[in-house]
Amino acid sequence: MADPARARRLAVRIRQIVSATIEMQIKDPRLGMVTITDARVTSDLREATVFYTVYGDAQQVEDSAKALASATGVLRSTVGKQTGIKFVPTLTFVADIVPDTARELDEALERVRRADAELARAREGAQYAGEPDPYRRPAVDEDDEDEDEDGDVAVLPDPADAPATRRSAS
């Protein structure tokens, strides 16, 4: 097993080499606007997965996938020459779904924003269905004797708190 840091460095280098080679050397007319987004190398440095995106419709994505598959040998030999490693990893090209996922998330966020705005518009003139204060309060009698003049309830001392007095046995 190789060092994980070495595998990461090799993956970065493979990404750079493949993208430069596609730009400069590969002249396949099926190859559309391809962007190499990432590369990952297994820990034994035997296999490399190269992720790419294609700007265009589904037909251009399919044509670019075929072009990359046919150019795999040239790309692998270029990687071998420029890296100088003993065993050149096999290259596998995989269409990257991250941009599609990001687009779907943006669309979902936009739907939520529209729903929130619609809810805010519906809430503008709304009132509560019941009373403004839905909590129950204890009823206060109007003719309570313990009320002061301003309507406050007077608190009477608790007889249990009164000091105990002794009665003399006379």
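Remember, it's a predicted structure, so these values are computed and weren't measured experimentally.

Trainee: Is there a simple way to think about helix α1 (residues 4-24) in this case?
Mentor: Compared with an ideal rise of 1.5 Å per residue, which puts 21 residues at 30 Å, α1 spans 30 Å between its outermost C-alpha atoms and is within 8% of the ideal. When α1 is considered as a whole, its buried residues turn out to be Ala7, Leu10, Ala11, Ile14, Ile17, Val18, Thr21 and Ile22. The buried residues of α1 occupy an angular sector of 140 degrees when projected down its axis, which confines them to one face. Residues of α1 that are exposed and point over 90 degrees away from its buried face: Arg8, Arg9, Glu23 and Met24. Those residues of α1 that are buried lie in contact with β1 (33-41), β2 (47-55), α2 (58-70), α3 (72-83) and β3 (90-95).

Trainee: Teacher, can you tell me more about the packing of aromatic side chains here?
Mentor: To describe a pair of aromatic rings, you give the distance between the ring centres and the angle between the ring planes. All chains considered together, the criterion is met by zero aromatic pairs. Of note, arginine 46 hangs over the ring of phenylalanine 87, and the distance from its end group to the ring centre comes to 4.1 Å. Cation over ring: arginine 76 sits above phenylalanine 87, and NZ or CZ is 5.8 Å from the ring centre.

Trainee: Mind showing me how you'd approach the sheet that holds β3 here?
Mentor: Ordered in space as β1-β2-β3, the three strands form an open sheet in which the pairing is mixed. Looking along the sheet, the strands with just one partner apiece sit at the ends: β1 and β3. Recorded for the sheet is a direction-independent mean angle of 30 degrees between the axes of neighbouring strands. Lying on the sheet, α2 is in contact with β1, β2 and β3; it crosses β2 at an angle near 145 degrees.

Trainee: How should the packing of α1 against α3 be read in this particular structure?
Mentor: Packed helix pairs are characterised by how far apart their axes lie and by the angle those axes make with each other. One way to put it is that α1 packs onto α3 with a least axis distance of 10 Å and a crossing angle of 125 degrees. When the axis of α1 is compared with that of α3, the two are oblique. When the axes of α1 and α3 are compared, the crossing they make is right-handed. In this structure, α1 uses Leu10, Arg13, Ile14, Ile17, Val18, Thr21 and Ile22 to contact α3, whose residues at the interface are Leu75, Thr78, Val79, Gln82 and Thr83.

Trainee: When you look at the environment of valine 18 in this model, what are you seeing that I'm missing?
Mentor: Of note, valine 18 is situated in helix α1. Along the sequence, valine 18 and valine 74 sit 56 residues apart, while their C-alpha atoms lie 9.8 Å from each other. Leave out the neighbours within four places in its chain, and valine 18 touches Ile36, Val50, Leu75, Val79, Leu91 and Phe93.

Trainee: I keep staring at α2 and nothing clicks. Help me out?
Mentor: Every α-helix winds through 3.6 residues per turn, so residues three or four apart in the chain are directed the same way. Here α2 is 13 residues long and its end C-alpha atoms lie 19 Å apart, about the 18 Å a rise of 1.5 Å per residue gives. Among all positions in α2, only Ser64, Ala67 and Leu68 are buried. Taken down its axis, α2 places every buried residue within 95 degrees of arc, on the same side. In α2, those exposed residues whose orientation departs by more than 90 degrees from the buried face are Ala58 and Ala69. The secondary structure elements touched by the buried residues of α2 are α1, β1, β2, α3 and β3.

Trainee: Is there a simple way to think about the side chain of aspartate 28 in this case?
Mentor: Mapping aspartate 28 onto the fold places it in the loop between α1 and β1. At 2.9 Å, the side chain of aspartate 28 and the side chain of arginine 30 are in polar contact. Apart from the residues within four sequence positions on either side, aspartate 28 is in contact with Ala67 and Ser70.

Conventions used here
- Residues numbered from 1 in each chain as written.
- Predicted model: local features only at pLDDT ≥ 70, side-chain atom pairs only at ≥ 80, totals over all residues.
- Heavy atoms only, no water.
- Helix = DSSP H or I, 4+ residues; strand = E, 2+ residues; numbered from the N terminus.
- Expected span 1.5 Å × (residues − 1).
- Buried < 20%, exposed > 50% of the residue type's maximum accessible area, 1.4 Å probe, protein only.
- Arc of directions from axis to C-beta.
- Contact = heavy atoms within 4.5 Å.
- Phe/Tyr/Trp six-rings, centres within 6.5 Å; stacked < 30°, edge-to-face > 60°.
- Lys NZ or Arg CZ within 6 Å of the ring centre and 35° of its normal.
- Pairing = 2+ DSSP bridges.
- Axes fitted to C-alpha atoms, helices over the stretch in contact; angles between N-to-C directions.
- Parallel < 35°, antiparallel > 145°, perpendicular 65-115°, else oblique.
- Left-handed = near helix turned anticlockwise from the far one by under 90°.
- Polar contact = N/O pair within 3.5 Å; in protein donor to acceptor, adjacent residues only side chain to side chain.

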